[in-house]
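# Coordinate analysis (summary)
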Amino acid sequence: MNIVKSIYAARLKDSERLLKSSSGGMFWVLAQTFLHGGDAVACTVYNNSTKQAKIQLLIDSAQLDVAQGSKYMQSIPGDSFRQCVEWMEHHRSHKLLFVGTGCQAAGFQSFIEKKKLRERTVIVDLICHGSPSPRLWQEYACALEQKNHGKIEMVSFKDKRNGWNSPYAYVKIRQSEIPISDYVNLYYSGCILRPSCHCCPYATTERRTDLTIGDYWGIERVKPDFFSPTGTSLVLIHTDVGEKAFNAVKQQLYVRESTLEECLQPNLTAPTPPSEQRDWFWKTYYSHGLMYAMNKLFRAPFFQRIKQFISKDRLM
Ligand SMILES: Cc1cc2nc3c(=O)[nH]c(=O)nc-3n(C[C@H](O)[C@H](O)[C@H](O)COP(=O)(O)OP(=O)(O)OC[C@H]3O[C@@H](n4cnc5c(N)ncnc54)[C@H](O)[C@@H]3O)c2cc1C
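Report on the accompanying structure. Please read these numbers as outputs of a predicted model, since none were measured by experiment.

Of the regular secondary structure elements, the protein chain holds 13 helices and 11 strands. Reported as C-alpha extents along the three principal axes, the dimensions of the protein chain are approximately 70 × 45 × 40 Å. When burial is assessed residue by residue, the protein chain has 50% of its 316 residues classed as buried. Long-range pairs, those at least 24 residues apart, make up 72% of the contacts in the protein chain with a sequence separation of at least 6. Accessible surface, the protein chain: about 16,000 Å² in total, of which carbon and sulfur atoms supply 53%. Separation between the mean location of the 40 positive side-chain charges and that of the 30 negative ones in the protein chain comes to 5 Å.

If you want it as structure tokens, here you go:
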């Protein structure tokens, strides 16, 4: 494992691109720099027709739009690792940037090391709360389409219009925005993450990758003068390769040095714990379907709703 060499809070100077990013735009600036230099990027891309997130090899910066933003589902590797190797074998003077969750980055790293291509890669992993089965999102998205009589044209799990601290999640169907906060709440409930996410070995600051990126939680507390409602990335540099990659894009960022004590957050110290309602949720899902299980999970208990009703009545 590599111990952390240095830590930064960073934010893209390009405000338009920053708004499209989930946090401070570290992914975009790294990917853009690689693609401009004729190098390649492998990362997660969302497809509206299949309703799936997939790891894809990108060689053109026009493809970056669909890669921006967090997607709250497990992305499928498919044969992307093999495609990366093929591309590297055909472009021997070029490098490849891989960006994925800790488990995906570890899988890619083992694969590329076996192919003896590690020295031509920069591997970046994300701080990760965990990822749910892609099937749940597909079911949810299909139910939304049915209810709203149209196809989903776009998805945003973390729109920053109300500020990075209060992200808004929605889909667009027939040009109308439909909130998907119930799906996002379900994601954060600890009921639907893959069982392996609850014992994730990558929920630590010590990684084998070159860089780790995530949201700089608590920046308003530890560096109030650097806080911005448009989001800030946390960057952990683990290797010389990671440091070189960060220095190459530093000019395009507002940057502040930081420390481990300042930046620690739950998924840098331990995996997300499962909810006590996890087993109940899955039993209910298998017997009654996703929408029923989700409504039941979030419905306040009967006596609480009566109490709310009475207190509202009294206020009027
Ligand atoms: C499922 C998930 C959980 C996360 N949990 C946390 C957390 O607990 N704490 C924290 O600090 N940060 C977390 N992050 C990371 C954070 O939300 C941002 O994704 C990260 O900081 C990159 O943001 P950005 O502004 O640099 O670029 P963005 O443009 O927002 O990021 C896009 C990058 O995220 C990748 N990506 C998007 N969705 C997925 C996916 N489903 N699987 C794999 N890669 C994906 C894309 O490939 C691309 O590389 C999580 C991200 C994801 C995807």
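Next comes the rest of the write-up.
Looking at the secondary structure, you find Asp-125 in strand β5 (residues 121–126). By relative accessible area, which is 2% here, Asp-125 ends up buried. For Asp-125, the side chain forms a polar contact with the side chain of Arg-207, separated by 2.9 Å. Reaching out from Asp-125, the side chain makes a polar contact with the side chain of Thr-209 at a distance of 3.1 Å.

Further remarks concern the environment of Gln-63. Relative to the helices and strands, Gln-63 resides in the loop between β3 (52–58) and α3 (80–90). Accessibility expressed as a relative area gives 26% for Gln-63, which makes it partly exposed. Along the sequence, Gln-63 and Ser-49 sit 14 residues apart, while their C-alpha atoms lie 16 Å from each other. Those residues in contact with Gln-63 that sit more than four places away from it in its chain are Gln-56, Leu-57 and Leu-58. Among the polar contacts made by the side chain of Gln-63, one reaches the main-chain amide nitrogen of Ile-59 at a distance of 2.9 Å.

At their nearest, the axes of helix α5 (residues 134–148) and helix α12 (residues 290–298) sit 10 Å apart, and the two run at 95° to each other. Between α5 and α12, the crossing angle belongs to the class labelled roughly perpendicular. Facing Leu-136, Glu-139, Tyr-140 and Ala-143 of α5, the residues of α12 in contact are Leu-290, Met-291 and Met-294. Tallied by class, residues from the contact of α5 with α12 come to six nonpolar, no polar and one charged.

Residues Leu-290, Ala-293, Met-294 and Leu-297 constitute the buried set of α12. Looking straight down α12, one finds its buried side chains confined to an arc of 95°; they lie on one side.

To continue, consider the layout of surface pockets. Quantified by volume, the second largest pocket comes out at close to 540 Å³. Every residue lining the second largest pocket is counted, 22 residues in all, and those nearest its centre are Asp-65, Gln-68, Met-154, Val-155 and Ser-156. Breaking the lining of the second largest pocket down by element, the ones donating at least two residues are α1 (15–20), β2 (40–47) and β6 (152–159). In terms of residue count, β6 provides more of the lining of the second largest pocket than any other element does, seven residues in total. Looking at side-chain class alone, the lining of the second largest pocket contains seven nonpolar, eight polar and seven charged residues.

A few words now on the pattern of salt bridges. Applying the stated criterion across every chain, the model contains 16 salt bridges. Between Arg-17 and Asp-65 there is a salt bridge, with the nearest N and O atoms lying 2.8 Å from each other. Within this pair, whereas Arg-17 is found in helix α1, its partner Asp-65 is found in the loop between β3 and α3, the two being separated by 48 residues in sequence. Arg-17 sits in the buried class, given a relative accessible area of 18%.

For the ligand, the set of nearby residues contains 32 residues, the closest of which are Ser-22, Ser-23, Thr-44, Asp-215 and Gln-265. Here Thr-44 contributes a backbone N or O atom positioned 2.7 Å from an oxygen atom of the ligand. Between an oxygen atom of the ligand and a side-chain N or O atom of Asn-267, the distance comes to 3.4 Å. Alone, the ligand offers 880 Å² of accessible surface; in the complex the protein occludes 99% of this. Mapped onto the shell around the ligand, the elements with two or more residues apiece are α2 (26–36), β2, β4 (96–101) and β9 (211–215). In the shell around the ligand, the residues fall into 12 nonpolar, 17 polar and three charged.

Across the five residues that make up strand β10 (residues 233–237), a large majority, five, are buried. By the alternation rule, side chains of β10 split into Ser-233, Val-235 and Ile-237 and Leu-234 and Leu-236, which are all buried. With five bridges connecting them, strand β1 (residues 6–12) and β10 associate as antiparallel partners. When the bridges of β10 are listed, Ala-10 appears paired with Ser-233. Here five bridges tie β9 to β10, and the two strands are oriented antiparallel to one another. When the bridges of β10 are listed, Gly-214 appears paired with Leu-234.

Attention shifts here to the side chain of Ser-133. Among the secondary structure elements, Ser-133 is positioned in the loop between β5 and α5. A polar side-chain atom of Ser-133 sits 3.1 Å from the main-chain amide nitrogen of Arg-135. Not counting residues up to four positions away in its chain, the partners in contact with Ser-133 are Ile-192 and Arg-194.

About the thresholds
Residues numbered from 1 in each chain as written. Predicted model: local features only at pLDDT ≥ 70, side-chain atom pairs only at ≥ 80, totals over all residues. Heavy atoms only, no water. Helix = DSSP H or I, 4+ residues; strand = E, 2+ residues; numbered from the N terminus. Buried < 20%, exposed > 50% of the residue type's maximum accessible area, 1.4 Å probe, protein only. Contact = heavy atoms within 4.5 Å. Areas by Shrake-Rupley, 256 points an atom, 1.4 Å probe, with all protein chains shown as cover. Lys, Arg positive; Asp, Glu negative; His and termini not counted. Charge placed at Lys NZ, Arg CZ, Asp CG, Glu CD. Polar contact = N/O pair within 3.5 Å; in protein donor to acceptor, adjacent residues only side chain to side chain. Axes fitted to C-alpha atoms, helices over the stretch in contact; angles between N-to-C directions. Parallel < 35°, antiparallel > 145°, perpendicular 65-115°, else oblique. Nonpolar A, V, L, I, M, F, W, Y, C, P; charged D, E, K, R; others polar. Arc of directions from axis to C-beta. 1 Å grid on protein atoms, 1.4 Å probe; cavity = no way out; pocket = protein on both sides within 12 Å on 5 of 7 lines; lining within 4 Å. Points joined across faces, edges and corners; volume = space filled by probe spheres on them. Salt bridge = Lys/Arg side-chain N within 4 Å of Asp/Glu carboxyl O. Near = heavy atom within 4 Å. Pairing = 2+ DSSP bridges.

So, to be careful, I would describe these as geometric facts and stop short of saying anything about function.
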